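Coordinates in review
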Amino acid sequence: QVELVESGGGLAQPGGSLRLSCAASGFPFSSYAMSWARQATGKGLEWVSGIDSDGIDTFYADSVKGRFTISRDNAKNTVYLQMNSLKPEDTALYYCAKGDGPIATMFRANYDYWGQGTQVTVSS
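These remarks concern the structure in this document. (Residues numbered from 1 in each chain as written. Predicted model: local features only at pLDDT ≥ 70, side-chain atom pairs only at ≥ 80, totals over all residues. Heavy atoms only, no water.)

**Brief notes about the overall build of the protein chain**
Looking only at helices and strands, the protein chain has zero helices and 11 strands in total. For the protein chain, the α and β elements follow one another from N to C terminus as β-β-β-β-β-β-β-β-β-β-β. Relative to the 2.2 N^0.38 estimate, which gives 14 Å for 124 residues, the radius of gyration of the protein chain is 13 Å and therefore close to what a compact globule would have. For the protein chain, with 124 residues in total, the buried portion stands at 44%. When contacts within the protein chain are restricted to residue pairs at least 6 apart in sequence, those whose partners lie at least 24 apart make up 58%. In the protein chain, which carries 10 positive and 12 negative side-chain charges, the distance between the mean positions of the two groups comes to 5 Å. (Helix = DSSP H or I, 4+ residues; strand = E, 2+ residues; numbered from the N terminus. Rg over C-alpha atoms; globule rule 2.2 N^0.38 Å. Buried < 20%, exposed > 50% of the residue type's maximum accessible area, 1.4 Å probe, protein only. Contact = heavy atoms within 4.5 Å. Lys, Arg positive; Asp, Glu negative; His and termini not counted. Charge placed at Lys NZ, Arg CZ, Asp CG, Glu CD.)

**With respect to the sheet that holds strand β3 (residues 18-25)**
Across the sheet, which stays open at both edges, the four strands sit in the order β1-β3-β8-β7 with antiparallel pairing between neighbours. Both edges of this open sheet fall to β1 (3-7) and β7 (68-73), since each of them pairs with a single strand only. Ignoring which end each strand starts from, the neighbouring axes of this sheet average 15 degrees apart. Bridging between β7 and strand β8 (residues 78-83) involves six bridges; their strand directions are antiparallel. (Pairing = 2+ DSSP bridges. Axes fitted to C-alpha atoms, helices over the stretch in contact; angles between N-to-C directions.)

**Points about the packing of aromatic side chains**
Summed over all chains, the structure comprises six aromatic pairs. Judged by centre distance (6.3 Å) and plane angle (80 degrees), the ring pair of Y95 and W114 falls under edge-to-face. In this pair, Y95 sits in strand β9 (residues 92-99) while W114 sits in strand β10 (residues 111-114), placing the two residues 19 residues apart along the sequence. One Lys or Arg, R72, reaches over the ring of F29 and ends 4.3 Å from the middle of that ring. Stacked on the ring of Y32, the Lys or Arg K98 has its end atom at 3.9 Å from the ring centre. (Phe/Tyr/Trp six-rings, centres within 6.5 Å; stacked < 30°, edge-to-face > 60°. Lys NZ or Arg CZ within 6 Å of the ring centre and 35° of its normal.)

**Regarding unusual backbone geometry**
For N77, which is not glycine, the phi torsion reads 55 degrees and is therefore positive. With respect to the element layout, N77 can be found in the loop between β7 and β8.

**Remarks on the nonpolar core**
Side chains that are nonpolar tend, in soluble globular proteins, to be buried together. Counting 26 residues, the largest nonpolar core has M34, W36, F68, V79, L81, M83 and Y94 as the members making the most contacts within it. Within the residue set of this core, elements represented by two or more residues are β3, β4 (34-39), β5 (45-51), β7, β8, β9 and β11 (118-122). Broken down by element, this core gets its largest block of residues, four residues, from β3. Counting residues in each nonpolar core, the second largest holds seven residues, with A37, F59, A104 and Y111 among its members. (Core = buried A, V, L, I, M, F, W, Y, C linked by side-chain atoms within 4.5 Å.)

Set out below in structure tokens:
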């Protein structure tokens, strides 16, 4: 049974940092790409970042490039999202998603399991 559990969300001030974690279980983690996506209230799903199964290739949305860093620890079955220089527009529910193969994409159809999400609120 595949399970993805996000943690690390919370309240941060503009310019602050948060580190999200997604603990995975129920599948061979090192064989699959992982991604982070977010959804702000009243808006659609936005892909934030993705990482290939081997952790070498990554992608970022233009809105977070240079501020967010995705990484994974295949020994711990965990993917991370380090978020720096946070802005109020980063406020959203952040989801972890499992890819259906080793290559990360920005297409929802390529992800077959999702976590419940962790809320990130950026406000002074």
